[in-house]
Amino acid sequence: MASPVPQAPVTSLLSEARSKAVQRENTHEIPGTRSIDTEPTFQHWIYDMVIWSLSVVFDLFFREIRPRGAYRIPRHGPIIFVAAPHANQFIDPIMLMRQIRNEAGRRISFLAAEKSMHRKFVGTVARSVSSIPVTRAQDLASPGTGLIYIEDKEKPLVIKGQGTKFMKECSQGGLIILPKSMGSAEIDSIVSDIELILRRPFKEENAIEYLLSGPSKFKKAPKVDQSQMYEKVFERLNEGGCIGIFPEGGSHDRPDLLPLKAGVAVMALGALELNPECDIKIVPCGMNYFHPHKFRSRAVIEFGPPLNVPKELVKTYSEGNKRDSIHQLLEMIHSALLAVTVTSPDYDTLMVIQAARRLYKPAHKKIPLSLVIEMNRRLVIGYTHYKDDPRIIHLRDAVANYNKQLRHLGILDHQVEYATLPIPEIGGKLVYRSLKLFILAFGALPGAILFAPVFIATKMISKKKAAEALKASTVKIAARDVVATWKILVALGLAPTLYWFYALLATWATWKYDLVPEVRPVWLVTLAAMIIFPAITYAALRIGEIGMDIFKSLKPLVTCLNPNNLNTIAKLRITRDELSKEVTEMINSLGPDVFPEFDSHRLMQS
């Protein structure tokens, strides 16, 4: 994505940008007030219809989607929306488009992988919302012949090969991609079939040690010419439009951000080089999910303060020192993304952070979803700052052990309070909730049966697609980032077909057996069935959601009734109280050192 834009297109665009600047001056148009994405056109009507239609589906899949900081989105002028982490493949851009359209009235042209544009449904949707195709080097990757390794730790740029064919298979500016999520590096020059030089070392900390430990398989990818893509981006920004990009380069399911690709910086700096009056804003967007691959999960999309590209960077970029300018702007964007996302060095740390947040939370208060994200983020920052402090190490181990005990008993943190209830009350709750669950299950049964083929198909196909994505990726951990996408895609295709089958079956049965003689014409049965059957399923969804919450609460009640567990749960309750006190005191003590504006009395209201 960092490929330089050829001079001919740049010259053409520069002349066009200058002529438009003169036109604005002659017509007294204020720079930054015109936005092509807000103008009423047929294409924009199609855009709105597609986003609205998919939003209905997303509202069924997700229990709650909340925007945070949407007031920061500029209502006019060119914007580059940079979003991360890219944890939900094709779902992320649609969710972001919806929130920005609803909250700010803006429409985005997202950069979409050329590979995705060739998919039937995804490609059709992408074209209808004015996506800009981009060819990614990793999509063109293929296994390389032989094995590679690093011979000298002091020379991490020198890659040696065993049985390799670098001269034939690799190219200058192409990529060498390592397995096991070890990342990739750009080729600077090729010395021979068994030796090449990298432009920069592998970014992953363990990559060099991995290659020093012995020969490894690898993939190679060719250099990609992105000039046409940049032309379209520059044109869109010069017209005051919005561009959307996931600067990590692809979706993943890691707990931290991937290294940002240079393309987003090239877009901003290149557009401002062509038209200094463009006044581009870069808006960081945090895609924060709670179990993104699960049905009826939650999400918070947070918008950070818009970034202005420093004029000094544009000048340096125009003078030819592109690498430094791009690096500095990427650092700015990375810092802005960290401020709107919750990242963690590993999964275990993230689990400890979330447990600490629950322990700090006052039991009598309900924290808004957006504030949960902010608390998690601050706790990660604080933990990173003090992670080597013996007090923090001790507290981390204690919280991790508490989590382990919860898993062993099969209960959740908020359910530990059952330990304080008398046995008769626990028994009463168990009986009442069991009866309520039975009634709800009876009500949800018709819809569950009707929709069962879709549930089964989505689960099977999403698992298969996740396995395929994991095999083809160098950065995914379990490929959970593709699961929700495929669940929705399969449901979108199968559910209408299934309901039409039910409707036609009901129509045929009515006609065949004369079940409702007074109904004429018979097609009214089809129409009624296409309304009734989805309504039954939706009712089952809502009822089932309540029933599932009740079902999850039964196991802790049964556990508390077991005499063998009473002492254990009582001790766990005492442990929780002690941990809660310790966590709260530690946060209130160290918080002001990390966040000068910290105020423990107002944290819950911030």
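Just so we're clear, the structure is a prediction, and the values are computed from it rather than from any experiment.

Moving on, we come to the packing of helix α9 (residues 263-274) against helix α11 (residues 322-338). In contact at an axis separation of 9 Å, α9 and α11 are set at 115° when each is read in the N-to-C sense. Of the two possible hands of crossing, α9 and α11 adopt the one that is right-handed. Residues Val264, Ala265, Val266, Ala268, Leu269 and Glu273 of α9 pack against Lys322, Ser325, Ile326, Leu329, Leu330 and Ile333 of α11. Grouping the constituent residues of the contact of α9 with α11 by class yields nine nonpolar, one polar and two charged.

The seven strands lie next to each other as β5-β11-β8-β9-β10-β7-β6, forming an open sheet whose pairing is antiparallel. The strands lining the two open edges of the sheet, one partner per strand, are β5 (142-143) and β6 (147-149). Here β6 runs beside strand β7 (residues 158-162); their pairing, made up of three bridges, is antiparallel. Within β7, the residue paired with Leu147 across the bridge is Gln162.

We now examine the nonpolar core. Ranked by size, the top nonpolar core spans 41 residues in total, and within it Val399, Tyr402, Leu572 and Val583 carry the most contacts. Elements that contribute at least two residues to this core include exactly α12 (347-360), α13 (369-386), α14 (390-409), α15 (423-472), α17 (523-561) and α18 (563-594). For this core, the element with the most residues is α13, which contributes eight residues. Beyond its immediate stretch of four places on either side in the chain, Leu572 contacts Tyr402, Gln405, Leu406, Leu409, Ile411 and Val416. Counting 39 residues, the second largest nonpolar core, distinct from the first, contains Ala84, Ala262, Leu272 and Leu330.

Every α-helical turn comprises 3.6 residues, leaving residues that sit three or four positions apart pointing alike. The terminal C-alpha atoms of α18 lie 46 Å apart, and with 32 residues this matches the ideal 46 Å at 1.5 Å per residue to within 8%. Its axis deflected by about 25° at Asn588, α18 carries its strongest bend there, up to four residues before the proline Pro592. Of the residues making up α18, those classed as buried are Asn565, Ile569, Leu572, Arg576, Leu579, Ser580, Val583, Met586, Ile587, Leu590 and Gly591.

What counts as what
Residues numbered from 1 in each chain as written. Predicted model: local features only at pLDDT ≥ 70, side-chain atom pairs only at ≥ 80, totals over all residues. Heavy atoms only, no water. Axes fitted to C-alpha atoms, helices over the stretch in contact; angles between N-to-C directions. Helix = DSSP H or I, 4+ residues; strand = E, 2+ residues; numbered from the N terminus. Left-handed = near helix turned anticlockwise from the far one by under 90°. Contact = heavy atoms within 4.5 Å. Nonpolar A, V, L, I, M, F, W, Y, C, P; charged D, E, K, R; others polar. Pairing = 2+ DSSP bridges. Core = buried A, V, L, I, M, F, W, Y, C linked by side-chain atoms within 4.5 Å. Buried < 20%, exposed > 50% of the residue type's maximum accessible area, 1.4 Å probe, protein only. Expected span 1.5 Å × (residues − 1). Bend = angle between axes of the 7 residues up to and from the residue.

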